[in-house]
Amino acid sequence: MSRKTTLRRALVGLAAGAALALAAPLAASAHVTVNPNTATPGSYATVNFRVPTESETASTVKLEVTLPTDTPLSAVLVQPVPRWTATVEKGALPAPVEVDGNTLTDAPLKIVWQADPGVGIGQDQFQIFSAVLGPVPDTGHLVLPAAQTYSDGEVVDWAATPDEVAADDTLEPAPVLYVNDAPPTGEHSHSHGTASAAPAMENATAAAPSDPSGVALGLSIAALVVAAAGAVLGALAFARRPKRG
């Protein structure tokens, strides 16, 4: 077998391996998340819902985030997104809830982002939807189920709780805002530190990247590129080595 043939086959194998290595982190990160995913009790937390489109044939045209009713939020503000309509739906709570000495009988129940006609989040794209939630209740964590609607009518419910995901990691995980509970480590964690962090730690957290999963993915890709470059250079050096008699 010639050195050129050996080199060609090595490069083909390297490309296939790179594709497989990239597919795993990309697939693992492609779900609706909330970032940062921690907040301090009593604060007004600014959160960002990251919405990627996984469909190869349709675009995302709607996102609905359901808010808790047992630990309600009395104030919800949304940041305008060009060519999208943002609505905070309010209504009666299943039962009155005491919040800071006040009895709440109604509260924000859902945030809806709806794309204008002809607008959507296309394949290999994502959109950030920002909101201010507060006061953050003094609880373990807030599960924020998200329904993602595609232009072909398909709806993906990102609604599984952390306990459900721990028992079955094939479920679609809901965005979770951790308050007193520590965020889990692993594939579905997007931690920015614990909710009880000191002010200095909170300032450091604010300066950190808004999406740790994206940072990890970038580092993985960078490492893969470096390794691939090294393999290619090694193969080229081997191919150019003079033949011995």
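Residues numbered from 1 in each chain as written. Predicted model: local features only at pLDDT ≥ 70, side-chain atom pairs only at ≥ 80, totals over all residues. Heavy atoms only, no water.

### Thoughts on the nonpolar core
For step 1, the next point in the chain: The biggest cluster of nonpolar side chains holds 33 residues, and the ones touching the most others in it are F49 and F129.
For step 2, the next point in the chain: At the level of elements, β2 (45–52), β3 (60–66), β6 (102–115), β7 (126–134), β9 (146–150) and β10 (155–158) are the ones that each hand at least two residues to this core.
For step 3, the next point in the chain: Top element by residues in this core is β2. It accounts for 4 residues.
For step 4, the next point in the chain: If sequence neighbours within four positions are ignored, F49 has contacts with T33, V34, L63, V65, W113, Q127, I128, F129, L144 and P175.
For step 5, the next point in the chain: Membership of the second largest hydrophobic core comes to 5 residues, among which are L93, V97, L104 and A107. (Core = buried A, V, L, I, M, F, W, Y, C linked by side-chain atoms within 4.5 Å. Buried < 20%, exposed > 50% of the residue type's maximum accessible area, 1.4 Å probe, protein only. Helix = DSSP H or I, 4+ residues; strand = E, 2+ residues; numbered from the N terminus. Contact = heavy atoms within 4.5 Å.)

### What about the side chain of T53?
For step 1, the next point in the chain: Following the sequence through the fold, T53 ends up in the loop between β2 and β3.
For step 2, the next point in the chain: A polar atom in the side chain of T53 sits 2.7 Å from the side chain of T60. (Polar contact = N/O pair within 3.5 Å; in protein donor to acceptor, adjacent residues only side chain to side chain.)

### Things to note about the sheet that holds strand β4 (residues 75–78)
For step 1, the next point in the chain: Across the sheet, which stays open at both edges, the 4 strands sit in the order β1-β2-β7-β4 with antiparallel pairing between neighbours. This sheet does not close on itself; its edge strands, each paired only once, are β1 (33–35) and β4. With strand direction ignored, the average angle separating the axes of adjacent strands in the sheet is 30 degrees. (Pairing = 2+ DSSP bridges. Axes fitted to C-alpha atoms, helices over the stretch in contact; angles between N-to-C directions.)

### Considerations on the sheet that holds β6
For step 1, the next point in the chain: Reading across the sheet, the 5 strands line up as β5-β6-β3-β9-β10 and stay open at both edges, with antiparallel pairing between neighbours. The strands lining the two open edges of the sheet, one partner per strand, are β5 (84–99) and β10. Each strand axis lies, on average, 15 degrees off the axis of its neighbour in the sheet, ignoring direction.
For step 2, the next point in the chain: Sheet analysis places β3 next to β9, joined by 5 bridges and oriented antiparallel.

### Re the pattern of salt bridges
For step 1, the next point in the chain: The final tally for this structure, using the stated rule, is 2 salt bridges.
For step 2, the next point in the chain: K62 is paired through a salt bridge with E64; the nearest N and O atoms lie 3.9 Å apart.
For step 3, the next point in the chain: The class for K62 is partly exposed, based on a relative accessible area of 23%.
For step 4, the next point in the chain: Relative accessible area serves as the criterion here: at 19%, E64 is assigned to the buried category.
For step 5, the next point in the chain: We note a salt bridge from E64 to K110, for which the minimum N-O separation is 3.5 Å. (Salt bridge = Lys/Arg side-chain N within 4 Å of Asp/Glu carboxyl O.)

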